[in-house]
There are 2 protein chains.
Amino acid sequence: MTLKADAPRSNCPISRFLDLFGDRWTLLILRDLLCGKSRFAEFEASPERIPASILADRMRRLLAEGLVTREAYQDRPTRHAYRLTDRGRSLHPVLVTLGEWSEIHVPDTWRLPDGFRHP
Amino acid sequence: MTLKADAPRSNCPISRFLDLFGDRWTLLILRDLLCGKSRFAEFEASPERIPASILADRMRRLLAEGLVTREAYQDRPTRHAYRLTDRGRSLHPVLVTLGEWSEIHVPDTWRLPDGFRHP
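I will try to describe carefully the structure that is included in this document.

What counts and what doesn't
Residues numbered from 1 in each chain as written. Chains lettered and ligands numbered in written order. Predicted model: local features only at pLDDT ≥ 70, side-chain atom pairs only at ≥ 80, totals over all residues. Heavy atoms only, no water. Least-squares fit on C-alpha atoms with pLDDT ≥ 70 in both. Contact = heavy atoms within 4.5 Å. 1 Å grid on protein atoms, 1.4 Å probe; cavity = no way out; pocket = protein on both sides within 12 Å on 5 of 7 lines; lining within 4 Å. Points joined across faces, edges and corners; volume = space filled by probe spheres on them. Nonpolar A, V, L, I, M, F, W, Y, C, P; charged D, E, K, R; others polar. Axes fitted to C-alpha atoms, helices over the stretch in contact; angles between N-to-C directions. Helix = DSSP H or I, 4+ residues; strand = E, 2+ residues; numbered from the N terminus. Parallel < 35°, antiparallel > 145°, perpendicular 65-115°, else oblique. Expected span 1.5 Å × (residues − 1). Buried < 20%, exposed > 50% of the residue type's maximum accessible area, 1.4 Å probe, protein only. Pairing = 2+ DSSP bridges. Buried area = accessible area lost by both parts, 1.4 Å probe. Salt bridge = Lys/Arg side-chain N within 4 Å of Asp/Glu carboxyl O. Phe/Tyr/Trp six-rings, centres within 6.5 Å; stacked < 30°, edge-to-face > 60°. Lys NZ or Arg CZ within 6 Å of the ring centre and 35° of its normal.

## So, the relation of the copies chain A and chain B
Moving on, step 1. It takes a turn of 180 degrees to lay chain A on chain B, together with a shift of 0.0 Å along the axis; the resulting RMSD is 0.0 Å. Both copies are brought into coincidence by an operation consistent with a two-fold rotation axis. Residue Asp 23 of chain A of chain A places its C-alpha closer to the rotation axis than any other residue of that unit, at 2.2 Å.
Moving on, step 2. When the interface residues of chain A are mapped onto chain B, 100% of them again lie at the interface, so the same face is used by both copies.

Printed below as a string of structure tokens:
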């Protein structure tokens, strides 16, 4: 449903943001990339346990949107390492904003690591 | 999928935010409430054309989360007006952050109205 090539629902900037990131997983993959993860096995090991099929789908969309690039680090079978582009890294302060909202308004959340809050 | 009473996927504050708001519609309803809309017909008239069944589902979840309250303004049939609670209004700066990201990084978005950006 997200990161579609379909026509946007409107040109409201909030709606356009949700066209790209309005699902439960995409921004978690970006969080992990910002924390230095790069390989599928690393994303799958995160505590939210992203299903492999969703991970593959969302990563494909992130590549198509120019938020992520990839590079093969192994042949037979080919395996890729994924890295944020500048456009992808530009979401870092947005993720901090979401996390800080939850720290205040959702009980029992972890604290954002200082290194994540102030990169 | 969102605003579930289910156990959170993790206590990461970003993940918890997405447990609540990780869909394409919930934050658009909050946007409309912040702009002064209060009735179902008003939300349905927004340019993204939210389907009535999704609107009813998301509003029920927003009520359950204490982000919105409602009050009947008509009997037979009963119709309700919806308003943000303080907890709901606390999302205003988060929505501005999402919108400002899109203004810079997504082509052809509208500008956020000044009254929305600086409430």
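## Overview of empty space enclosed by the protein
All names here are of chain A.
Moving on, step 1. The full count for this structure, using the stated rule, is three cavities of 30 Å³ or more.
Moving on, step 2. Of the voids in this model, the largest cavity is the one considered here, and its volume is about 70 Å³.
Moving on, step 3. Taken together, Trp 25, Leu 28, Ile 29, Arg 31, Asp 32, Phe 43, Ser 46, Glu 48, Arg 49 and Ile 50 make up the lining of the largest cavity.
Moving on, step 4. Per-class residue counts for the lining of the largest cavity are five nonpolar, one polar and four charged.

## What about the packing of helix α1 (residues 13-21) of chain A against helix α2 (residues 26-34) of chain A?
Residues and elements named next belong to chain A.
Moving on, step 1. The interhelical angle for the contact between α1 and α2, taken along N-to-C directions, is 75 degrees, at an axis separation of 9 Å. Here α1 lies roughly perpendicular to α2, going by the angle between them. Each of Phe 17, Leu 20 and Phe 21 in α1 lies in contact with α2, whose residues at this interface are Thr 26, Leu 27 and Leu 30.

## Remarks on helix α4 (residues 52-64) of chain B
Residues and elements named next belong to chain B.
Moving on, step 1. An ideal rise of 1.5 Å per residue puts 18 Å on 13 residues; α4 measures up with 18 Å between its terminal C-alpha atoms.
Moving on, step 2. For α4, the full list of buried residues reads Leu 55, Asp 57, Arg 58, Met 59, Arg 61 and Leu 62.
Moving on, step 3. Contact partners of the buried residues in α4: α2 (26-34), α3 (40-44), β1 (68-74) and β2 (79-84).

## A few points about the pairing of β1 of chain B
Moving on, step 1. Where β1 of chain B meets β2 of chain B, six bridges bridge the pair, whose relative direction is antiparallel. The residue bridging Gln 74 of chain B from the neighbouring strand is Arg 79 of chain B, located in β2 of chain B.

## A short note on α2 of chain A
Since there are 3.6 residues in each turn of an α-helix, residues three or four apart along the chain are aligned in direction.
Residues and elements named next belong to chain A.
Moving on, step 1. A large share of α2 lies buried, amounting to eight of its nine residues.
Moving on, step 2. Turning to α2, its buried residues are Thr 26, Leu 27, Leu 28, Ile 29, Leu 30, Arg 31, Asp 32 and Leu 33.
Moving on, step 3. A positive phi of about 100 degrees marks Gly 36, the residue just after α2.

## A look at the interface of chain A and chain B
Moving on, step 1. Taken together, the contacts link 45 residues of chain A with 45 residues of chain B.
Moving on, step 2. Summing both sides of the interface, chain A and chain B together bury roughly 4000 Å²; the carbon and sulfur share of this comes to 68%.
Moving on, step 3. Between chain A and chain B we count two salt bridges in total.
Moving on, step 4. Among the ionic pairs, Asp 19 of chain A bridges to Arg 24 of chain B, the shortest N-O distance being 3.8 Å.

## Quick look at the packing of aromatic side chains
Moving on, step 1. If you walk through the whole model with that rule in mind, you get eight aromatic pairs over all chains.
Moving on, step 2. On the numbers, 5.8 Å between centres and 85 degrees between planes, the contact of Phe 17 of chain A with Trp 101 of chain B is edge-to-face. Linking Phe 17 of chain A in helix α1 with Trp 101 of chain B in helix α6 (residues 92-105), this pair reaches from one chain into another.
Moving on, step 3. Judged by its relative accessible area of 4%, Trp 101 of chain B falls in the buried class.
Moving on, step 4. Through a chain of ring-to-ring contacts, three or more aromatic side chains come together here, namely Phe 17 and Phe 21 of chain A together with Trp 101 of chain B.
Moving on, step 5. The side chain of Arg 9 of chain A reaches across the aromatic face of Trp 25 of chain B, ending 4.5 Å from its centre.

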